[in-house]
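In case you want the letters, here they are:
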Amino acid sequence: MDLEVPTKQTHEGFCSFHSFQGRTGSRVCSNLSSLKVFVGPKAHFLVLSIDSGTGLRTQEGFRKKRRNRVYAVSKIEAFSSDNGRLSNSEKTQLGRPSQVNSMPSRESKGNKDLLRLVRKGELEECFRRLESMVYRGDIPDIIPCTNLIRGFCRIGDTEKATRVMQIVEESGAVPDVITYNVLISGYCKAGDIDRALNILDQMSVVPDVITYNTVLRSLCNNGKLDQAMKVLRRQMKRGCYPDVFTYTILIEAFCKESGVGQAMKLLDEMRSNGCEPDVVTYNVLINGMCTEGRLDEAIKFLNNMPSYGCQPNAITHNTILRSMCNIGRWVDAEKLLSGMAQKGCAPSVVTFNILINHLSRKGFLDRAIDILEKMPSYGCTPNSLSYNPLLNGFCKVKKMDRAIEYLEIMVSRGCYPDIVTYNTLLTGLCKDGKVDTAVEILDQLSTKGCSPVLITYNTVIDGLAKDRRTRRAFTLFYEMQEKGLKPDIVTYSSLLGGLNREGKVEEAIQFFNDFKRLGVRPNAITYNTLMLGLCKAGQTDRAIDLLFDMVSKNCKPTEATYTTLVGGIASEGLVKEASELLDELCSRGLVKKSSAKQLAAKF
């Protein structure tokens, strides 16, 4: 029979196939004809781009008129270094000294209420009190107002934060540079850099280096290095000179976008302008070198740092150590570790964990254990991140007895396993066929003070399902829901696979329909699992029907989808039709030739 090209839009990977001559009276052939309709070159999705039009309103700018101007200044908000990484974080300041040569703001009951409410986090109530104060003609104090702006920015409500700024200016109070910095930082964190730049241009006070650093970091993080350099030039024209944080931000951006060569030029400029790099600056450069594969150059730079007047820290060494491990320079990595203490830089737990993790992943478990045992001699106590890679390494090579042994060693040394430890162990046990032990450990987790998470249950449910113990798997399925854990598509796919393995195809279809009604969206693996069960049960026609459901739900079939259906068609005696369809799938790139050859050999 000739099939008409369907008019409805088809999924990517499909298009119409002009016709197929099927044999009448055969349900599989009829469905096979339909199946070939969907085999074809790549089609296009209709992509919708929605713009709600309800974005942030464009402000006309902050008012320049003032009455009874009240000024306040704050301690300079500084950048802070977190684990050696530059971060532009604000220090919350609820009390700030008044500026000299200006009239101090009056300690009204309204201002005290604002301060109390903002400290309690009652932002909306504080906002209403502020509106009421200004309506009565009172001038709010800039300190609680700044912290109210900070509070709204933290919850992502930059529009309300901007409204607070407008109310403050309309009242006659004048925001100081920190008030602007807080608002600009809020917009930068919200990803609205254009609005942040707009506020920078409209500031009624002179921006400081913190203002510019906030904007520059946001621009650099968003890959707008050229625009960042324009802002830098504008900053310097205004007489606000970059500091070490400014240069470090830009050097890091140059390393990522233009390479270390350009970053080094900026380093030279930094020094010529009288700004000395710090250890964070050098760490950024060394990380850039390692990223580019210039490890030997990074090592040389590390050794020269003291001559530059800067001592490397643990993060400097960790960066190079990680790079050494990535390319398998284990001897050099261990030498670097032993040499750190001699240079007056004690290795941290992170240093040891980097080496243990890489050695374990490569299967050098004995060497990883040696490193673990050396930690106390360096004054470091192993943590769960020290033991977890070892356990994972033993599980991968199916040495479950050793994995359990180190779990016991870990506990005996006062290092309590976390959920990652247990998940690793449960995965290894299930893969090794020791599902009963896995179930036993899962049952004991709560008593060990470690609550199972979704992946914990999914691991054991999948293990039981593959062991053809689906009834027990469903018990855990209901148990996890009683504990407030919501199953995901992995959970459902595992249970579906278990039902199919036990030949319970009708129950599998019922379960499939049940979770679809609950709003769970099947993925390709879910469909493939059910199709395989149907084909094995000699119901290939229903498997083909399932393909149409798959396409209609905008779920892209995989190579396994096609090979499963072709195999099912062949198993029902339609070898010629299966071969023709397989050839068609290969010609259109939907099935690899190697896969087709393996499948054809089974016909």
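Below or above, wherever it landed, is the structure these notes cover. From a predicted model like this one, the values you see are computed outputs, not experimental measurements. (Residues numbered from 1 in each chain as written. Predicted model: local features only at pLDDT ≥ 70, side-chain atom pairs only at ≥ 80, totals over all residues. Heavy atoms only, no water.)

Things to note about helix α8 (residues 209-221)
Here is step 1: A rise of 1.5 Å per residue sets the reference length of α8, with its 13 residues, at 18 Å; its end C-alpha atoms lie 18 Å apart and thus fit the reference within 8%.
Here is step 2: Burial runs high along α8: twelve of the 13 residues are buried.
Here is step 3: Within α8, the full set of buried residues consists of Val209, Ile210, Thr211, Tyr212, Asn213, Thr214, Val215, Leu216, Arg217, Ser218, Leu219 and Cys220.
Here is step 4: Between the side-chain oxygen at the start of α8 and the backbone nitrogen of Ile210 there is a gap of 3.1 Å, and the oxygen is on Asp208.
Here is step 5: Trailing α8 by a residue or two, Gly223 shows a phi angle of about 75°, which is positive. (Helix = DSSP H or I, 4+ residues; strand = E, 2+ residues; numbered from the N terminus. Expected span 1.5 Å × (residues − 1). Buried < 20%, exposed > 50% of the residue type's maximum accessible area, 1.4 Å probe, protein only. Polar contact = N/O pair within 3.5 Å; in protein donor to acceptor, adjacent residues only side chain to side chain.)

So, the packing of helix α4 (residues 142-154) against helix α5 (residues 158-171)
Here is step 1: Here α4 crosses α5 at 165°, and the two axes come no closer than 7 Å. As the angle between them shows, α4 and α5 are arranged roughly antiparallel. Here α4 and α5 pass one another in a crossing that is left-handed. Counting all contacts with α4, which are made through Ile142, Cys145, Leu148, Ile149, Phe152 and Cys153, the residues of α5 involved are Thr158, Lys160, Ala161, Val164, Met165 and Val168.
Here is step 2: Of the residues in the contact of α4 with α5, the class split is ten nonpolar, one polar and one charged. (Axes fitted to C-alpha atoms, helices over the stretch in contact; angles between N-to-C directions. Parallel < 35°, antiparallel > 145°, perpendicular 65-115°, else oblique. Left-handed = near helix turned anticlockwise from the far one by under 90°. Contact = heavy atoms within 4.5 Å. Nonpolar A, V, L, I, M, F, W, Y, C, P; charged D, E, K, R; others polar.)

Brief notes about the nonpolar core
Here is step 1: One finds Ile251, Ile320 and Tyr406 to be the most contacted residues of the largest nonpolar core, which totals 174 residues.
Here is step 2: Residues contacting Tyr406, with those up to four places away along its chain left out, are Ile369, Leu372, Glu373, Tyr387, Leu390, Leu391 and Phe394. (Core = buried A, V, L, I, M, F, W, Y, C linked by side-chain atoms within 4.5 Å.)

Some points on the packing of helix α18 (residues 384-396) against helix α20 (residues 419-431)
Here is step 1: Following both chains from N to C, one finds α18 and α20 inclined at 5°, their axes separated by 9 Å at the closest point. Taken as axis vectors, α18 and α20 run roughly parallel relative to one another. Across the interface between the two elements, Ser384, Asn388, Leu391, Asn392 and Cys395 of α18 pack against Val420, Thr421, Thr424, Leu425 and Gly428 of α20.
Here is step 2: For the contact of α18 with α20, the per-class residue count stands at four nonpolar, six polar and no charged.

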